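# Report on the structure
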Amino acid sequence: MTLLSKCYLFVLSILICSAAQAQKIPVQRSGLVGNSIVTFIPAGFDVSKTPSLMLKGAPAIQGAVPANWNIVPEFFLTNGKASASVHLQGGISLYGGGEVTGPLLRNGQTIKLWNTDNGAYGTDDGKRLYQTHPWVLGVRKDGTAFGILFDSPWKSALTTNNDKIEFNTEGALFRVFVIDRKSPQDVLKGLAELTGTIEMPPRWALGYHQCRFSYGSEQRVREIADTFRLKQIPCDAVWMDIDYMEGYRVFTFNKTNFPNPKQLNADLHAKGFHSVFMIDPGVKFDSTYSVYQSGTAKDVWVKDTTGKEYHGKVWPGDCAFPDFTMPRTRQWWSGLYHSFLANDMDGIWNDMNEPAVNDNELPQNLRLGTMPYNTPHRGGGGLPAGPHLLYHNAYGRLMVEATRQGFMDAKPGKRPFILTRANLLGGQRYAATWTGDNYADEKFMKVSVPMSITLGLSGQPFSGPDIGGFLGNTSPDLWAKWLGFGVFMPFARGHACAGTNDKEPWAFGADIEKTSRIALERRYRLLPYLYTLFYNAHKTGLPLMCPVFFDDPADVKLRAEDQVFLLGKNLLVVPSFAKDPQLPKGIWEPLSLVDGDGSDPYQAKLLIKGGSIIPAGKIIQHTNEPSIDQLTLFICLDSQGKASGELYWDAGEGWGFKKGDYCLLRFQAAEKNGVTKINLIANQGKYNINKDIHQVKAVVVKNGRIYSGPIDLKSGVLRTDVQ
């Protein structure tokens, strides 16, 4: 036998052995756990090896799988590593996967689910980012849809090909949940039934946020706040990055530059601002540091395989890391916020919680950017002990759960606002998110649209990018283009990295300052509509920022469109960069909110859908000012001359709405013989809306013309046939 033949047989034997190792695992149990939601559990599944950290509860099987059910996963084990696949046929459009780069339509894409500190999305060409959402939404040609949740936090990869969806993990067997319903919207409601919804945010969190790494002193923070008010540019929050700390020690304040944070917050509040302060998970290894001392005393730190305290380098140098799998660690972490929040900050920003570790001193091939895979986590309270390979993707989610609880304990009368960089599917219950450290470049601006849409299609409706780009210098043109549509994304924040140019709205000259003011005034006018959409997301799990195919899921021409987006059902946002976008059919009329928004080339075009009523407020500088004392109802009639819409309102803070102290108004309009009649057809809740609404103006947009006039809240009439 020749040497070549021997090599061939050797390779062939390896391939045969590899194939033999891919063992198909039968489904041991399956059944309905909800309305058109089926779970599939493979033989050998052990919750002590793959715990669920995504579901809001423990779904119980209530009935048999329907006889006509045709989406059934197959399970495999290959060298002890579990995978699942679902075969597809019939030209299905695929979406989801959470925080991803690339197109909205995910057919032919592969992502790696391993939360990674990925500046400028450069690692693995952006195939892995800061969050893990093992979820796929499929839309059939007829507009019906299904969703597949792979219930595993293990390190994994997700491939969405036209003929097959594959989920390959580096861990143990897991369950799969399949939702099959009449529309993609109904599928997302099913996802919310499994994983929960966002809590209602405080209304101020819907305003504009200004941030920099870092505003380095109390004086600089006050200058930023004062300039917003002086220039009459709306803003609700100023953010403190890590330089407010003493040597980057979390839960401390720099005695020189931030000597009196409580007074700083009082001064910000007096001007209508709120403040958000960063807290990272890494705790500086320093025996004189109180947070390290208390964590050591309570034995909360992650330890290595030898039982020694694990240390990794982050901003302060060597750090210990809380083991958030342990209940006592989460309780300890929550307790740290009590004295911290006594300084009256309004929100918390959890960053670096993939968790990120600087291991650049290692050879390139040994760098992980996080803890070693075999680093043990001790678990407890229903979570098993397990390696970092299992718990890495859940680290940020467990952290923000503890952070939220700490906020609730310290300020029980306030709604928490928590922002996180790392998270896991289901973590929307605890925190909003942003899309990480992007770059000041048009390609990052453009991809920010499908990124936030996809997060919304994956259970996280409260997201947005760093407007203008975090890394690199931002040009005036890029800032204006980005802000022109960024103000209509659920989370609207401008941010800048150290060493880059100033990126406040006035930093780019007088013309761009005017553009910025118009853009932000447009967002603030839409505050009542946005707040209503957030309430809907809280109740149903539906996203605020939606793909245009949501308008007609059966229109396959809309399936790949990711330049433009819907805000709710009734407002279409067309960014100034959009080229020949595919728009939904039907009546869509241009909508002007602010003087000059139609002539400014940087502003996104807004189109209101026929058949809709959109509530809007007046221009305000911050959300503490009255918004709906001058309520406007923008009305666009459908082909039958009818329209409807709603407005949700409450105190904007606190938990009274859970006891009925809210107001949900439903409006209806109909045109007959050139007269449009507007009626309030429902008023739900105990909140006294009359103390907030003093005047109502109706604006009917019809065939490019505007008809407007005052009406009563309960009813009114407008002539809409005047030429």
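Scoring rules and cut-offs
- Residues numbered from 1 in each chain as written.
- Predicted model: local features only at pLDDT ≥ 70, side-chain atom pairs only at ≥ 80, totals over all residues.
- Heavy atoms only, no water.
- 1 Å grid on protein atoms, 1.4 Å probe; cavity = no way out; pocket = protein on both sides within 12 Å on 5 of 7 lines; lining within 4 Å.
- Points joined across faces, edges and corners; volume = space filled by probe spheres on them.
- Buried < 20%, exposed > 50% of the residue type's maximum accessible area, 1.4 Å probe, protein only.
- Helix = DSSP H or I, 4+ residues; strand = E, 2+ residues; numbered from the N terminus.
- Arc of directions from axis to C-beta.
- Contact = heavy atoms within 4.5 Å.
- Pairing = 2+ DSSP bridges.
- Right-handed = clockwise from strand over helix to strand, strands pointing away.
- Axes fitted to C-alpha atoms, helices over the stretch in contact; angles between N-to-C directions.
- Parallel < 35°, antiparallel > 145°, perpendicular 65-115°, else oblique.
- Nonpolar A, V, L, I, M, F, W, Y, C, P; charged D, E, K, R; others polar.

## Some remarks on the layout of surface pockets
- In this model, the largest pocket occupies a volume close to 890 Å³.
- Surrounding the largest pocket, 48 residues form its lining, T116, D117, A356, V357 and G369 being those nearest its centre.
- Taken as a whole, the second largest pocket encloses approximately 670 Å³ of empty space.
- Around the second largest pocket sit 28 residues that line it, and N536, G568, K569, N570 and E646 are the ones nearest its centre.

## Comments concerning helix α5 (residues 290–297)
- Listing the buried residues of α5 in full gives V291, Y292 and G295. Down the axis of α5, the smallest arc covering the buried residues is 100°, so these residues share one side.
- Its buried side turned inward, α5 meets β17 (283–284), β19 (317–320) and α6 (327–340).
- Once α5 finishes, D299 follows within two positions and takes phi at roughly 55°, a positive value.

## Observations concerning the pairing of strand β15 (residues 237–240)
- Residues of β15 alternate between two faces, with A237 and W239 on one and V238 and M240 on the opposite face, all of them buried.
- Of the pairings in the sheet, the one linking strand β14 (residues 208–210) to β15 comprises two bridges and is parallel in character. By the bridge assignment, H209 is partnered in β15 with A237.
- Two strands pair when backbone bridges link them, and β15 and strand β16 (residues 274–279) are joined in this way by four bridges, in the parallel orientation. Bridge pairing in β16 links M240 to F277.
- In terms of handedness, the path from β15 via helix α4 (residues 261–270) over to β16 forms a crossover that is right-handed.

## Regarding the packing of helix α10 (residues 476–486) against helix α11 (residues 510–525)
- Between α10 and α11, the shortest axis-to-axis distance is 9 Å and the interhelical angle comes to 10°. Here α10 lies roughly parallel to α11, going by the angle between them. Here α10 contributes P476, W479, A480, L483, G484 and G486 to the contact with α11, which in turn contributes I512, T515, S516, A519, L520, R522 and R523.
- Partitioned by chemical class, the residues of the contact of α10 with α11 number seven nonpolar, four polar and two charged.

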